[in-house]
Each structure stands twice: as C-alpha cells, then as structure tokens.
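Fold and contact review
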Amino acid sequence: AEASGATAAASAPATNVTTSAPDHIRDCADFRAIMPAYLAGELSPARALLLEDHTQECIPCRKGLKAARTGERVAATRAARPARAAQWKPSPVFRWAMAASVAVVAVLGGAVMFKKFMPGTQALAATIESVDGAVYSVTEAGQELLSPGALIKAGARIRTAKDSHAMLRLADGSLLESRERSEFSVSDSGRDTTVKLERGDVLVEAAKRTVGRLYVQTPDSTVEVKGTIFAVGSGTKGSRVSVVEGEVHVDSRGQKKVLHPGDQATNGVGIERIPVQQDIAWSRNAAKYVNMVNDLTRLRQDLNQRVARPGVRYSSRFLDLAPENTVVYAALPNLAESLAESHRIMQERIKQNPALAEWVGGGAKREGRGAGLDGSVVERVREFGAQLGDEIVVAGGMDASGEPSSVVVFGELKDAASFRPFVEKQIAELGGGDKKAPIKFVDDPLTAAVETTNNAQAAASSKGAKSAPAPRREEIYVWVQDGLFAASPKIESLRAVATTKANAATNRFVGSPFHARISEVYKEGAGLIVAADLEKITAQIVAKQGSNPADASKIEGFRQLGLLSMKYFVIEQKEVKAKTQSRAVLSFSEPRRGVASWLAAPGPMGALEFVSPNANVAAAFVVKEPALLVDDLLGFLETVEPNLRKQLRDLEAQQGFNVREDFARPLGGEFAFAVDGPVLPTPSWKMILEVYDQNRLQGTLERVVERLNGWAALQGKGGLQWQNTNEGGRAFYSLKSVDFGLEVHYMYENGYLVAGPSRALLLNTLKSRDAQLTLLTSQRFRSALPEDGNVNFSAIVYHDLAPLLKPLAESAAGMAQNLPEEQRKAISGFAADTPPTLAYAYAQGDRITLAATTEGGPFGLSPASLLGMPNSFAIQHILMDGMSGKSAQPAGGGGRTVEGRIQKEIERAREAEAKAEAEKAGQRR
C-alpha cells in the first residue's frame, strides 16, 4: 500500500480539495481523500485516529499530509509496476479456501482495529485501587484529579502529589504502588506490559504471565520480570532497583545483571547501595515484607532443627562397577525422606501462620504452582526414594576419540521384587497410560536382543511395507539383580556392568588412579561427590588440536598457565555437626606451575591485624613472590602477542619505571581487603599490602602520579594532588582527584601499606590494632574456623552480616509497631541468628583445596536448603519441571520448555530479519 500510494499522496494538492470521503478506507488513496476533512476538523474521531496511525507508519502519506497542511508540493515518485504473472486459473477448491482465509483474516483484523481505534475502546492499562492524598492524570491541556476506581488508558501520564500515595492494578493483574512525587505511564501491547517511570519510586508485585513480560523503564535502565516483587526508583542522579522476592533482570546501558531477593543495582554517579529494607520503607506494605523475611527465617531454623540430615557413607557398592572408561563420577545421598519431612513441617507452619500462608499462596500464583501440586510432587518423590537405598551413583565415560560415551546410573533397592511394578505404575500414571514407555527392563543384558531402527526398517521392508516406520524413540534400559539396579541409554554399557559384576578382575577402572582418588573420599566419609578425571579429558583436548601455528600457540598458552598438568577435580559436600562442609580439590600431575602456582603455601596473615572484629567482609591471601607473578603473566601473554615484552620495555623506558622491579619487587606476598566499619554514607573499605621496600614503592608511586598529572594538564584537567602529614610520629599520605573529588588515604605500618577512604579510618585501625582488637581475636571469626590439621591458610573470604543487619533489624522492628511483641523481638534478634561464613583455600604441593563451612548455604544439604528456603523452594521447582518435561529455571527466567526456548530464538531471528529489511528499505527511500 505504501508503494502504490506514494504517487497519490505525494501529488496531493496544497489546498483543500472537495474529494468525497470514501465509504471504506482501503489504501493510501483513500487516506489522501480524507486528509482535507481531517485538516478542517470535520473528520470523525475514529477516522482521525486511523489517519494519524497510518501517517506515522507510511512515509509518503506523512509527506502528503504535511504538504496539504503547509501548501508545499512534493515531487511525485512512480511506483514500480510488478512483472506480469503467467495466466493461471484457480480451481474451485482453491477459490473456496482463499475466500475462507480472507474472511478469517478480515474478522481478526477488524476486531483488532476496532479495539485499537474505535472511540471508547482504547486499551485500558490500569485501574486505581486506592489513593492517599492526590493523584493526577497529566495531559497537555492540564491535570485531572483521579479517585479510586478511575480507569487509566494506555500511555496516560500519572503523577502522585506531595505526601500522596496510590495503589494501581495493572491490566495483567500486577499491583503497582506509587510513592509521592512520582510520575509514570503504563502501556500494554497485549503481550508485554511496560511501566515507564519518569521520576520517583514504584513498588511492583508482578503477576504470573503465560506470555510476555513486565518491564519497568527509567531514563537509564530497563527492568524485566515475571512473577516478582521489586522496587524501582528514578531520580536526578540515576536509578536504583531492589528485589524483595523472585528474580529480576536489569539492563543498564548494555550492562546486564540478574538480581535475586535482597540484591540491589544502582546506575548513576555517586549513588550508594542501601539495604533493601530501607529502600522500601516508604511502602504501605513495608511491615508485611519485613514480616515475610522474618517468618521464612524462623521456618528455615525450624526445619534445620527438626529434620534429620543425611549421614555420611564410608564405602560404596557401585564404585567397582563403574565402566573402565569413566571420567566423571557423581554420588549423592538419598534425600527423598528429608525432603518429604521438610515439606510436611512447612505445611504445618503455613497453617499456623496466616501471613506466611498468604505469601506462599501469592508466590505460588505468581509462579503458576499451587500447594496441592507441590504436595503431590513431593509425595511422588518420597515414594520413589523409599524404594532406594542410601546412595545413587552416576558414572560417565569417554570414548577413544575423546567424545562423551554412555552414562550409567546405579542404585540399591530395598525391595527388588516390587521395584519394577512400582516404576511401571509411575510411568503409566505420568504418561497417561502410554504403553510405549521409554524405560525398558532387561532380565540379562548379555543375552538381551535390542531392536534397532535399521532392523525395524528391514522387517517392514520384508513384509512389503510401503514406507519405513518412524525412528525408534530413545530408551533407557534397566537391569535389576541382587538388590541393585543399573540403568543406561545404551545396552552395551549394561553388558559391561554385567561382565564386571560376574568377574571384577575384568574391570581395569578398579586399579586406576582415578578409582583410588575417589576411594579416598569415601574413607573420609562421603556426602555428595562429583569427581572428574581432568588428565584424560585434557589429553584428548590437546590431541584434537591441529598442527597449525595458532593451535600450537594455544596449547603453549595452556601450558604456561599450568592447565595441562591438571589431574583430578573433586567436589565434596557433607553434613558435619549440623553444618554443611563443602570442599573442592584440584590436583596436578606435577608441581604447580603458572597461574596454579600463584597461590602460596599456607602461611601467617599479618594483614588481618589491621581488620577489626566488626568487619562485614574480609578477604586475604598469600602469594609467591609478586615479581615471579609478573614473569608468569608476561610469559603467557607472549603466547598471544609475541612482541608484547618488547612493547612493554619501550613503554617502561619512555615513562621511566619498570613494572617488575619498581612495582612488583617492593611488595611482599600478603594482600587483604575488608569492608570494616560504617557502610553509609561512604563504605569503610580497607586495602592492606605487605611491603618489603617502602622507599622504592613510594618513589614509584610519586613518579607515576607525576606522569599522570602531566597527561591531565595536556587535557586541561586538574589531575591528582598529594598531601603528606605527620601525626603521632606516623606519616599519613593522601591522594585526591581534583576533577572527580575522590580521595585515598594510606600509611605504612609495620611492613604493610594500609589504605582507606579517610584518615580517621586509618587512625581507628591503629587504635584497634594497638588494643589487640582484631579479626584474628574475634570470637565470631574463630567460631567459623574449620577443625582440621592446618594452622594457616593460603586464602580466606570471610563475611559476617550481623553488624550490618543489627541496626537494620532494629529499624525494621520500629517500622512494624503493629506486630505482636514476640514478632518484634524476633525481628530484632534476626541479626544475632545470622552466623558468619568462612571460605578458605590451601595450596599444598600438587593440589589446591577450596572449602567452606556454613549452616546450609544456598546449595547445602540442610533440610531448609533442600526446599530452597527462605526464597523459592528451589528443589520443588526442579522436581516439578523435570516431571513435566520442563527445564529447571527460576521463576521469571522465561523460556522454561525446550520448545519455548526454540520459539524465542525464532522470534529473535525474525525480529533481526525485519529490522535489517527495514534498514534496507530506509536506505532505498
């Protein structure tokens, strides 16, 4: 229509014409005919909307309307005439099909156009549920005061006045809460809903959507959600997003982040992060959200105290049965009974607590899951787990070409005779009575005959079949014997297991070093195990590389990094004394080299003497000589850029300093960082470096600053300013940016450089150290130390949120004055119940050990962790998605099914193609 109407629109006369208005608007010529009536204000509202919408999309008609309004004349362009098609006479059947198709399209298109353009049918975006103060609809003509029940059209600008507050129900069912002095608009495309926040704050309880997403847009960020509770603020300096429940995706100028409950993202200059509780304190439902966190925390504690935890295992019947080509071995305890008991207690607490029941119900609705379905899934898992023993093992192999081969699953049965009938019953119930189940039991793998697709086709051909049958579905073969079961998608794997079971001496895996490494884990007591034979995997990767120089350079780079000497990677997790102990061990076939050698053997950490007992976060590590780190790094980079060392020498000669000798060599092997003190208004960070040559390091810093100031002067900038003062016999240095107002203060003390944002923080650090009030003497820090045979660490990461949460909890309790005294006390005591967490590393000889001891943690084996407490009941989601054929993704992630993800990719491809075509069309015009 655009092409064909170009001439007509462009040649429209400059003044009004008396062309009669058409009865029906079909093309650009009809739109041209109604332009004079539109300019004279005589056109009906419906046709005026049609014309305005059309001229926004059709460039020739838009030019024609402009010419009619201004009296200009636009040069006509001749539309290309399509080539004449060959004569073809459609059949009657084809004509009837075309007529039906046209009728369907006309009806659907008419319905859409009527809804979009007819008076009084413009899409409604929201309804005002309640108002406290004054809320206005802002238009070019002025402001209209709104009251509860008012209907908000798509695109209308809504503004809350000073000391005012409003609650709106969006068309998709989401609840939007608006703070005072906020302005926003809402649009609904039928698939997506977008809240455009110009300024102020909103808090959204997003409804569960079957299609599309809910977006909140600020001038600098876009927030994407689906079934989530979150707050967004937009102000003069930038924006802030805080998450109460669910998952939120934030895109800020191309920088994408994923936020979870308690997380926060800011965008702008000088915007500090604040506690989520503080960010939503303005909300009418702030007390409810605080109560929600409190109830879930107490439920988590109740679960961990009342539900038995899985024990450790000191041997396994399945390790010797693993295939000889096994490179990945995973073993996990049977957690079905713990999960079922945790679910029972959770339901018990929900019945006793209306607020918790309301939240769980709301979360289930937002995520499309009801309590009844959750209970049925958990019960089905409990029944299946009751059939099995204490351990389930998965062994994955690799063939001679380096490709993954078959996977075998092992398990012990409590009642082997009832296992097959139970599984067949479950398959029938889940599959709706489908007799062609994907699970096939075999009595003897060594003699079992398996029909392949080729055999089936040959049989069909011998019977004179006209067409080959459909390919056979993938099956899982299950073999049960002597109280054990083995399952695999390949019958050959079960045959190897049967051969090994009959004669263990035939399995070469039993005598392998990888088998011996896994046996060590069992001897120490095993919980969850994941082990990988990196030596075999790496060897196959190297063997696959070609002989060209690029491949050789890549392999040499891996060797410089020390990656080619990796041997085994073993992850363990088990419950020890009511705590989850997690450990990962990376071992090497030779002494560590490259990056793997940077972490030094465990040693004392004097840098922690400058960290106080009230630190929220502290990290410290010891490394080998920093100058050797520079050598390793340059050696690796030279495999990527051979001329790098020469370029670096030229730069050093030009600037007058040497990176290795002037920066790295004066440093010792200790480094530490901490958040130690008030977080607001400026975070009290500290950085501590061990220094061997203070004078050389200080001279290097001064030369670098001098060079930087020279560059700044050339750009017309103020650069950096030094200040050196003495107090109490100690020298304090400060470095301030004239252009940005940032400053760093530091001092040298007892062989360490201690830096922070203010001199006051450094003085307090010295006082605490002199009084021996340090992190090393803190009882909370020492309570988190592991009970093992090591005296020192190679690295630690410690966090204790109690000092940070205590004032926030007290503030939250003050906001919740309408709660009972018992609940207010529980909120106030929330910080005290938050234990510190310590993760640590040991670098010893040919291995690096990473470990942590926590009370559950996000992936722990505690009963509360199994349910995903306190946030999302994660295990239930995984089980439910797995049994329904969906992928296990958190709520709000989108694209749950494989088909959904494929469809999403198709839509993206179509959008990209349409965009490219539009750009080409624009270039042609």
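Residues numbered from 1 in each chain as written. Predicted model: local features only at pLDDT ≥ 70, side-chain atom pairs only at ≥ 80, totals over all residues. Heavy atoms only, no water.

**Brief notes about the overall build of the protein**
Rule in force here: The secondary structure listing takes helices from DSSP runs of H or I that are at least 4 residues long and strands from runs of E that are at least 2 residues long, numbered from the N terminus. Only protein chains enter the area calculation, which uses a 1.4 Å probe; residues under 20% of their type maximum are buried, those over 50% are exposed, and those in between are partly exposed. Residue contacts are defined here by distance: any two heavy atoms, one from each residue, within 4.5 Å place the two residues in contact. Computed by Shrake-Rupley with a 1.4 Å probe, the accessible areas treat only the displayed protein chains as cover when residues are assessed.
Tallying secondary structure elements over the protein gives 28 helices and 35 strands in all. Buried positions account for 42% of the 925 residues belonging to the protein. Sequence-distant contacts, at least 24 apart, represent 61% of the contacts inside the protein between residues at least 6 apart. Total accessible area computed for the protein in this model is approximately 48900 Å², and 56% of it derives from carbon and sulfur atoms.

**Topic: the pairing of strand S33 (residues 795-799)**
Inclusion rule: Each pair of strands is called paired provided DSSP finds at least two bridges between the two strands.
Note: strand S26 (residues 617-622) against S33, five bridges, orientation antiparallel. Residue pairing in the sheet places alanine 618 in a bridge with tyrosine 798 of S33.

**Things to note about the side chain of threonine 55**
Tracing the sequence through the fold places threonine 55 in helix H4 (residues 45-57). In contact with threonine 55, other than residues within four places in its own chain, are Cys61, Arg62 and Leu65.

**Some words on the pattern of salt bridges**
Just so we agree on the cut-off: What makes a salt bridge here is a side-chain nitrogen of Lys or Arg within 4 Å of a carboxyl oxygen of Asp or Glu, nothing more.
Here the structure, examined in full by the defined rule, presents 32 salt bridges. Glutamate 727 is paired through a salt bridge with arginine 759; the nearest N and O atoms lie 3.0 Å apart. Linking glutamate 727 in strand S29 (residues 720-727) with arginine 759 in helix H22 (residues 759-770), this pair joins segments that are 32 residues apart in sequence. The class for arginine 759 is partly exposed, based on a relative accessible area of 32%. With a closest N to O distance of 2.7 Å, arginine 780 and aspartate 800 form a salt bridge. Pair noted here: arginine 780 is in helix H23 (residues 779-783) and aspartate 800 is in the loop between S33 and helix H24 (802-815), with a separation of 20 residues, a long-range link. Under the relative-accessibility criterion, aspartate 800 is labelled buried at 1%. What emerges from the salt-bridge pattern is a single network uniting Glu625, Asp631, Arg660, Glu661 and Arg665.

**Focus on the environment of proline 626**
Positionally, proline 626 belongs in helix H18 (residues 626-640). Dropping the residues within four chain positions of it, proline 626 is found in contact with Ala664, Leu667 and Gly668.

**Regarding the nonpolar core**
Soluble globular proteins tend to bury their nonpolar side chains together. Counted only if it meets this: Among the buried residues, those of types Ala, Val, Leu, Ile, Met, Phe, Trp, Tyr and Cys that are joined through side-chain atoms within 4.5 Å form a nonpolar core.
Counting 31 residues, the largest nonpolar core has Phe184, Val223 and Val248 as its most contacted members. Counting residues per element, this core draws most heavily on strand S9 (residues 193-205), at four residues. Leave out the neighbours within four places in its chain, and valine 223 touches Leu214, Tyr215, Val216, Phe230, Val232, Val241, Val248, His249 and Val250. With 30 residues, the next largest nonpolar core counts Ala322, Tyr329, Ala486 and Ala526 among its residues.

**As for unusual backbone geometry**
Despite not being glycine, arginine 181 has its phi angle at roughly 55°, a positive value. By the element assignment, arginine 181 lies in the loop between strand S7 (175-178) and strand S8 (183-188). Of note in the backbone geometry, glutamine 772 takes a positive phi value of approximately 60° without being a glycine. With respect to the helices and strands, glutamine 772 occurs in the loop between H22 and H23.

**Notes on the packing of aromatic side chains**
The line we're drawing: In summary, the pairing rule links any two rings of Phe, Tyr or Trp, Trp by its six-membered ring, whose centres are within 6.5 Å, and it sorts them by plane angle into stacked for under 30 degrees, edge-to-face for over 60 and tilted for everything else.
This structure, assessed with the given rule, holds 17 aromatic pairs. When the centroid spacing of 5.1 Å and the interplanar angle of 75° are considered together, the rings of phenylalanine 781 and tyrosine 798 count as edge-to-face. Of the two residues, phenylalanine 781 is situated in helix H23 and tyrosine 798 in strand S33; the sequence distance between them amounts to 17 residues. Residue phenylalanine 781 is classed as buried on the basis of its relative accessible area, which comes to 4%. You can call tyrosine 798 buried: its relative accessible area is 0%.

**Description of the pairing of S29**
Relative to strand S30 (residues 730-737), S29 runs antiparallel, the two sharing eight bridges. Residue glutamine 723 lies in a different strand from S30, and its bridge partner there is serine 734. Hairpin connection, S29 to S30: the antiparallel pair is bridged by two residues, and glycine 728 has positive phi, about 65°.

**Things to note about helix H21 (residues 694-714)**
Where we set the bar: Residue count minus one, scaled by 1.5 Å, sets the expected span of a helix. The arc in question is the one traced by the directions running from the helix axis out to the C-beta atoms.
Look at H21: 31 Å from first C-alpha to last across 21 residues, which is about the 30 Å you get at 1.5 Å a residue. Considered for burial, the residues of H21 that qualify are Leu697, Gln698, Thr700, Val705 and Ala712. One face of H21 carries all of its buried residues, which in axial projection span an arc of 155°. Turned more than 90 degrees off the buried face of H21, the exposed positions are Asn695, Glu706, Ala713 and Leu714. Glycine 716 sits one or two positions beyond H21 and adopts a positive phi of about 75°.

**A few points about a nonpolar patch on the surface**
Using the following cut-off: Residues forming no salt bridge and having over 30% relative accessible area are the ones grouped into patches, like charges within 9 Å of each other and nonpolar side chains (Val, Leu, Ile, Met, Phe, Trp, Tyr) within 5 Å.
A surface patch of nonpolar side chains, about 190 Å² in accessible area, is lined by Val530, Phe569 and Ile571. Mapped onto the elements of the fold, phenylalanine 569 is located in strand S24 (residues 566-576).

**With respect to the environment of tyrosine 692**
Looking at the secondary structure, you find tyrosine 692 in the loop between strand S28 (685-691) and H21. Exposure remark for tyrosine 692: the relative accessible area of 60% places this residue in the exposed category. Taking the C-alpha atoms as reference points, tyrosine 692 and glycine 668, separated by 24 residues in sequence, lie 5.6 Å from one another.

**Thoughts on helix H19 (residues 644-655)**
Over its 12 residues, H19 extends 16 Å from the first C-alpha to the last, a length consistent with the 16 Å expected when each residue adds 1.5 Å. Within two residues after H19, glycine 656 carries a phi angle of roughly 85°, on the positive side.

**Details of the environment of phenylalanine 31**
Relative to the elements of secondary structure, phenylalanine 31 occurs in helix H2 (residues 28-33). In this structure phenylalanine 31 comes out as buried when scored by relative accessible area, which is 10%. Each C-alpha atom of the pair phenylalanine 31 and arginine 47 lies 9.3 Å from the other, and the pair is 16 residues apart in sequence. Once you skip the residues sitting within four places of it in the chain, phenylalanine 31 turns out to touch Ile25, Leu50, Leu51 and His54.

**Some points on the confidence of the model for the protein**
Low-pLDDT stretches of the model should not have their predicted coordinates read in fine detail. Operational definition: Per-residue confidence from the predictor is given as pLDDT, running between 0 and 100.
Averaged over every residue, the pLDDT of the protein is 76; residues scoring 70 or more account for 70%. Mean pLDDT values over the elements of the protein span from 33, in helix H27 (residues 874-883), up to 96, in strand S32 (residues 752-756). Below a pLDDT of 50 lies the segment residues 452-472, which in the model reaches 12 contacts outside its immediate sequence neighbourhood of four places, other chains included.

**Details of the state of the cysteines**
Think of a disulfide as a covalent bridge from one cysteine sulfur atom to another cysteine sulfur atom. Our working definition: Our working definition of a disulfide is a cysteine sulfur pair at a distance within 2.5 Å.
Within the structure shown, the criterion is met by zero disulfides. The thiol of cysteine 28 is unpaired, and the distance to the nearest cysteine sulfur, on cysteine 61, comes to 3.5 Å. Not engaged in a disulfide, the cysteine cysteine 58 finds its nearest cysteine sulfur in cysteine 61; these two sulfurs lie 3.7 Å apart. Look at cysteine 58 and you get buried, because its relative accessible area is 2%.

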